[in-house]
Amino acid sequence: MSQVAQAAPHRERLWDAVVAGDEYAGVAVVQEALTAGLDAEAVLLDVIAPVQEKVGEEWAADRIGVAVEHAATAVNERVVAAVAHRAAGGADRAPRGRVTVGCVDGEWHAFPSRLVAEVLRLRGWRVDYLGGQTPTPHLIAHLHHTDPQAVLLSGSLPTRLPAAHTAITACQAVGVPVLAGGRAFGRDGEHARALGADAWAPDARGAADVLARGLPRPAPAAVRQVVDDLPHLADQEYTLVVHSRGQLVKQTLVDLEDRFPAVRSYSDVQRERTAEDVAHIVDFLACALYVDDPEVFSAFLTWTAGILEARGVPARSLSAGLDLLAARLHDFPRASRLLDEGSRALAARPGDLAAGPGTRV
Amino acid sequence: MGRAPGVPLLVCAFRGSPQSPRDVAAHVGAAWGEAPCPVLVVDRHGALVRLNRAARSLLPRACDGDRLDGIAPAWLSDAHRHVVEGTPGAPSGPLTGAIDERVFEAHPSPSTDGDVVWWLVDDTDRRRAEQALHHAQERSGVLAEASSRLLSTLNVPRCMEETAAMAAEHLAEAAVLVAPPHGRRHTLTYARRGGPVSQVTWKIDPFSVHGLSEALQGFPPVPARWIDPHGIPDWLLPEGFTEPPGSVIIAPLPGHGVPAGALVLLRSGTERTFSDGEEAFARLFAARAGAALSAARLYTEQAAITATLMRELLPPTLERVHGVEYAAGYRPAKDHERVGGDFYDFHPGADPDQETVVVLGDVAGKGLDAAVLTGKIRNTLHALLPLAADHQQVLTLLNGALLTSHHARFATLVLASVRRQGGHVRARLTSAGHLPPLIVRTNGEVEQVPTRGTLVGALPAVSAQTVEATLAPGETCLLYTDGITEARGGPLGDEFFGEARLRRALAECAGMPAEAVVERVQMLAAQWLGGGRHDDMAVLAISAPKNGPLSVVGGEPSQIRRSR
């Protein structure tokens, strides 16, 4: 039986343990899996990783609440630690080299990067794991200090792509190549390429393979400005939308009240949720302007529509928000086009929840 | 073949001319003979017909009737043969070649009777100027590359590797960078053109190499011609450099007041020796490398000092202890700093019956100055732990210590003494002028712990009221600083996060483990901020675990803790 098929029953039992918030049961499941002959990498990637993915899916479908989601993630973190600890006691392998694993500045989803770090350790790399929420200046200081062979940069939130771009160019400027990974960088790594990353990998195994093949150091002389990679930014639409974010949200709320009198009777909490939704639209619009990819914006809209409908909120409020923003941004040709394509994507939506950017986590 | 550009028009007088070439002079008169460039008339058999004055001074041995291949270089006599024979595929550009030390462009003008007039245009100076310009461009290119490659890293070993690699690439066949000694050991970085760069640290004797010890001591450089290449010891040769060295440059790397090392450039005996120009350029390169290396060394030293001093100021790692979960998170006001005016500390009880003491607080101000005072407060509180049964007394003593220090700052804080009793957790909580802790009950209700007191470090006397709280399994007590509630941002960009939002967020956290609560609060505050500026933010959670005491587990959790 293949390791993947072998992992299935453990996966189910681990799922039960994490939604129950039961750390001990979770640790027991993976220890049994290891004893049963699954190797540590398979436990990390074929048992724990799918369970964590399911946590996100179940939250999106409103089948588990925020509390369960966070508790499950915390349990999974400890389960990873238990696997890592047990594996660390095993064979003493000579390190293949030193690498740094970290998240994009402002990225809260540290779990995928944690898995990558552990897989690389298992494969004999010396790994400095910086965790989530690492400010880019700290990352660069760390690179000066340790001079690793590569940085593995993880990103889940597309809205953090501009920050990812900053991190990528900063790492390369000190002569360290960047291997990007995570949902934010696109299904086929298209955003990783657009932002000038040296390599992209779809998952932890792929990342380990890329490292094993070796990544050449970028020429430090080739330090780039943001517009060198993304010449469309010269039109300033991204900058202007980001600068006027607060104002855009306020105006859109006022316009919403004008158009839908029902909005006026919203409670404070409802009003704030609506404001947050509009702010998210603006954030993703800005992100799509940055990478100049309508898919980023459309994927966010269809995903959000699914989230809203799973919670009994009709998705037409999204379309209304898009219309109002389009009216405010009619002088911005790229933004107008994105809003237009977004509206069409919403209209054509089959109601797909499977994949999409995580925002309201 | 058409008329070569730059050839005076008068030559065209030959074309179709019925006279014999010997009458040329009659046609062109003195102008031909006085032309400033050498002119030779050669017949179809390769014999010299006439030379003008310039040609005679260029080829002093030549006489009329001599064969061209006897008095001129082969390139010219070959070219003549090609022109006469009309060989196809002759080079399209102007013919060039050297005669003695000078370089000429040769422009042939064939006449119908087979004689060819060769106009030689001296091109030497233009070529020299072009070559000089090319060299200058190449060198400034190398220096520019050196600057950007060396400035890009503040890592000393890396900087040495880059220096050696570039030197081997552009200046010599191989290069060795000898770092200043650590004790009696030197780090040596070897690079060979086209080969890998390697680094070793060895005990060597720099005095065994003439010029090396001088360079490492900061004496003026020893000229290359004084260095005996045969005296270069094997340890100064990179692996794969098998030929005996033929010439050597040893250039000091000037540093910040002290030498940053020495750069040894090697060429094997089969290659040409280093010129004076190359030696001067090597020193120019060495100066840049020295500056970059010194900056990297300085940064590394400073970073090490900062890390050592900072270690005591960094927030501690919290963990589950004696059946109670603790977790905390910290985000300094400035993202490039690691410490600030908010702090927390954690002193686990010696055994499960002893209280674990945690503290979270906020010193007025932010940045390093505030962080230094947090260190003092944490140290003082650590010393006062034996008195922790009485929070009021601890705060009075701390207040006294702060008042007598030279710091003009004050602080607010919450003290918590926590112990597990049966399935519940009991906490004695005292606020000294700080935001009161919040408790999340299992049913999602959020309560404020009604403890209040005066801040410390400002008034001669302090008073505080200790409150005892009980946490049922799954309940959490949250200590936080105003950086959370005063986070400014949100969808509209200019609102405070506020206590009401914090309470709403906590209500969703019922039953969550302590670290998940901390992460949730930190995440919501960070999302609220967006990219905006903020104060220091600290949050600390004390939770009664939902699922039973440790004994259930069979020894595993201690392992888990260690590895985290």
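Residues numbered from 1 in each chain as written. Chains lettered and ligands numbered in written order. Predicted model: local features only at pLDDT ≥ 70, side-chain atom pairs only at ≥ 80, totals over all residues.

**Q** How would you sum up the overall build of chain B? Please name residues and give values.
**A** A count of helical and extended segments in chain B gives 14 helices and 22 strands. Taken over the C-alpha trace, chain B has a radius of gyration of 43 Å; the compact-globule value for 564 residues is 24 Å, which it surpasses by more than 25%. Judged by the C-alpha coordinates and their principal axes, chain B covers about 130 × 60 × 50 Å. The 564 residues of chain B split such that 42% are buried. In chain B, the proportion of contacts linking residues at least 24 apart, taken out of those at least 6 apart, comes to 61%. (Helix = DSSP H or I, 4+ residues; strand = E, 2+ residues; numbered from the N terminus. Rg over C-alpha atoms; globule rule 2.2 N^0.38 Å. Buried ≥ 20, exposed ≤ 12 C-beta atoms within 10 Å, placed from the backbone. Contact = placed C-beta atoms within 7 Å.)

**Q** So what's going on with the packing of helix 1 (residues 3–19) of chain A against helix 2 (residues 23–35) of chain A? Which residues, and what values?
**A** Residue and element names in this part refer to chain A. Packing of helix 1 against helix 2 brings their axes to within 8 Å, and their N-to-C directions diverge by 165°. By the angle between their directions, the pair helix 1 and helix 2 is classed as roughly antiparallel. You can see that helix 1 and helix 2 cross each other, and the crossing is left-handed. Counted together, His10, Arg13, Leu14, Ala17 and Val18 of helix 1 and Ala25, Gly26, Val29, Val30 and Ala33 of helix 2 form the full contact between these two elements. Here the residues of the contact of helix 1 with helix 2 sort into seven nonpolar, two polar and one charged. (Axes fitted to C-alpha atoms, helices over the stretch in contact; angles between N-to-C directions. Parallel < 35°, antiparallel > 145°, perpendicular 65-115°, else oblique. Left-handed = near helix turned anticlockwise from the far one by under 90°. Nonpolar A, V, L, I, M, F, W, Y, C, P; charged D, E, K, R; others polar.)

**Q** Talk me through the domain arrangement of chain A; I want residue IDs and the actual numbers.
**A** What the domain assignment lists for chain A is domain 1 (1–90), domain 2 (94–229) and domain 3 (234–347). Here domain 1 of chain A and domain 3 of chain A have C-alpha centroids that lie 36 Å from each other. (Domains from an automatic or database assignment.)

**Q** Mind laying out the packing of helix 12 (residues 245–259) of chain A against helix 13 (residues 268–291) of chain A, listing which residues take part and the relevant values?
**A** All names here are of chain A. One can describe the packing of helix 12 onto helix 13 by two numbers: an axis separation of 9 Å at closest approach and a directional angle of 130°. In terms of orientation, helix 12 lies oblique with respect to helix 13. Between helix 12 and helix 13 the crossing geometry is right-handed. Contacts between helix 12 and helix 13 pair Arg245, Leu248, Val249, Thr252 and Leu253 from the former with Thr274, Ala275, Val278, Ala279 and Val282 from the latter.

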